[in-house]
Amino acid sequence: RAANVVRNVAWPTGSAARIVSVVRPVVDASLGIPGVVTSAETMDRLLEAAVTEARRVVGLLATGLRAHGLTVEESVVEGRPASVIVELAGEFHPDLILVGSHGRGRVASMVLGSVSAEVVESAPCSVLVVRSDAISRLILADDSSPSAAVGSQLVEHMPGFHGLPVRVVTVE
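A brief look at the structure comes next. This is a predicted model, so every value here is computed, not measured. Residue indices begin from 1 for each chain and proceed along its sequence in written order. Local features in a predicted model are, by the rule used here, given only for residues with pLDDT of at least 70; side-chain atom pairs are given and counted only at 80 or more, and totals for whole chains, interfaces and linings are based on all residues. Hydrogens and water molecules were not included; the side-chain quantities draw on all heavy atoms of the structure.

A look at the pattern of salt bridges
Opposite charge on two side chains permits pairing when their charged atoms draw close.
At step 1: Salt bridges, as used here, are contacts in which a Lys or Arg side-chain nitrogen is within 4 Å of a carboxyl oxygen on Asp or Glu. Per the counting criterion, the structure on display carries five salt bridges.
At step 2: The residue R18 makes a salt bridge to E73 at a minimum N-O spacing of 3.7 Å. Here the residue R18 occupies a position in strand β1 (residues 16-23), and E73 occupies one in strand β2 (residues 71-78), the gap between them amounting to 55 residues.
At step 3: Here R56 makes a salt bridge to E53, at a shortest N to O gap of 2.7 Å. Of this pair, R56 and E53 both sit in helix α2 (residues 40-66), three residues apart, roughly one helical turn.
At step 4: Residue classification places E53 among the partly exposed residues on the basis of a relative accessible area of 38%. Working definition: helices are DSSP H or I runs of at least four residues, strands are E runs of at least two. Numbering for both runs from the N terminus. Using a 1.4 Å probe on the protein chains alone, a residue whose accessible area is under 20% of its type maximum counts as buried, one over 50% counts as exposed, and one in between counts as partly exposed.

Shown next as C-alpha cells:
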C-alpha cells in the first residue's frame, strides 16, 4: 500500500525514495507448532528464502517508482522492523517515512506489537501510516507545536496533496 501511495503522489522534482524491507530473523525453532523442532539449517534456508523474496519485491517496487521519475535506493535488512526503520531514517535523513499498517486492531497490536505505532513514536521525522492505496482526504491536527507547523507546511507544499479536501482540527 505504501508503495502505491508513493507511486500515486506527485512528488517535488528531485525527490528520492528509499524502499526498505525488513525481514525478521527466524528465532522460533518450533515455527510456532508445539512439539516441532526445526534444525538450524532449515531455519537458515527459511531466512534465505524470505530475504530472496523481499529483494524480488523491493526490486519490482523500485522499478515502478523509477518509471515515475523518482530516484530510488533499495534496502533489504534483517532485524526487528521498527528498530531498523528508525535506525535507517537516522542515516538517510528523510523528510517523511511512509509505513504500511496491517490494521490488526488494538488487542492484536497490544499482543503482537505495532511496527507503525513504534515508528511514529520513535522516528526522527514525519511519518505517514498508509492504510489504503490512495490519499483522497486529509485531516491536519494542529496543536501549535513545531511538529504541527511542519505538517502544515507539508500539506501546503506537497504537490500530491494539492486539491485534496483538508479538515483542520485544532487541539489546545
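Notes on unusual backbone geometry
At step 1: Of note in this structure, H93 is not a glycine but carries a positive phi near 55 degrees.
At step 2: By the element assignment, H93 lies in the loop between α3 (81-92) and β3 (96-100).
At step 3: Residue S144 is not a glycine yet carries a positive backbone phi of 65 degrees.
At step 4: Looking at where S144 falls in the secondary structure, it is placed in the loop between β5 (138-142) and α6 (146-157).
At step 5: You can call S144 exposed: its relative accessible area is 64%.

Brief notes about the side chain of S116
At step 1: In this fold, S116 is placed in helix α5 (residues 115-122).
At step 2: In this structure S116 comes out as buried when scored by relative accessible area, which is 9%.
At step 3: Here the side chain of S116 touches S114 through a polar contact of 3.3 Å, side chain to side chain. Any pair of N or O atoms that falls within 3.5 Å is considered a polar contact. Within protein, one atom must be able to donate a hydrogen and the other to accept it, and sequence-neighbouring residues count only if both atoms are side-chain atoms.

Here's the deal with the layout of surface pockets
At step 1: Here a cavity means grid points, on a 1 Å grid over the protein atoms only, where a 1.4 Å probe fits yet cannot get out; a pocket means an open set of points with protein on both sides within 12 Å along at least five of seven lines; lining residues are those with an atom within 4 Å of a point. Grid points are joined across faces, edges and corners, and a volume is the space filled by probe spheres set on the points. Space inside the second largest pocket adds up to approximately 820 Å³.
At step 2: Around the second largest pocket sit 27 residues that line it, and S126, V127, L128, I139 and L154 are the ones nearest its centre.
At step 3: Put simply, the parts of the chain that give the lining of the second largest pocket at least two residues each are β4 (126-130), β5 and α6.
At step 4: Ranked by residues supplied to the lining of the second largest pocket, first place goes to α6 with six residues.
At step 5: Think of it as three bins: nonpolar holds Ala, Val, Leu, Ile, Met, Phe, Trp, Tyr, Cys and Pro, charged holds Asp, Glu, Lys and Arg, and polar takes everything else, Gly as well. Looking at side-chain class alone, the lining of the second largest pocket contains 19 nonpolar, five polar and three charged residues.

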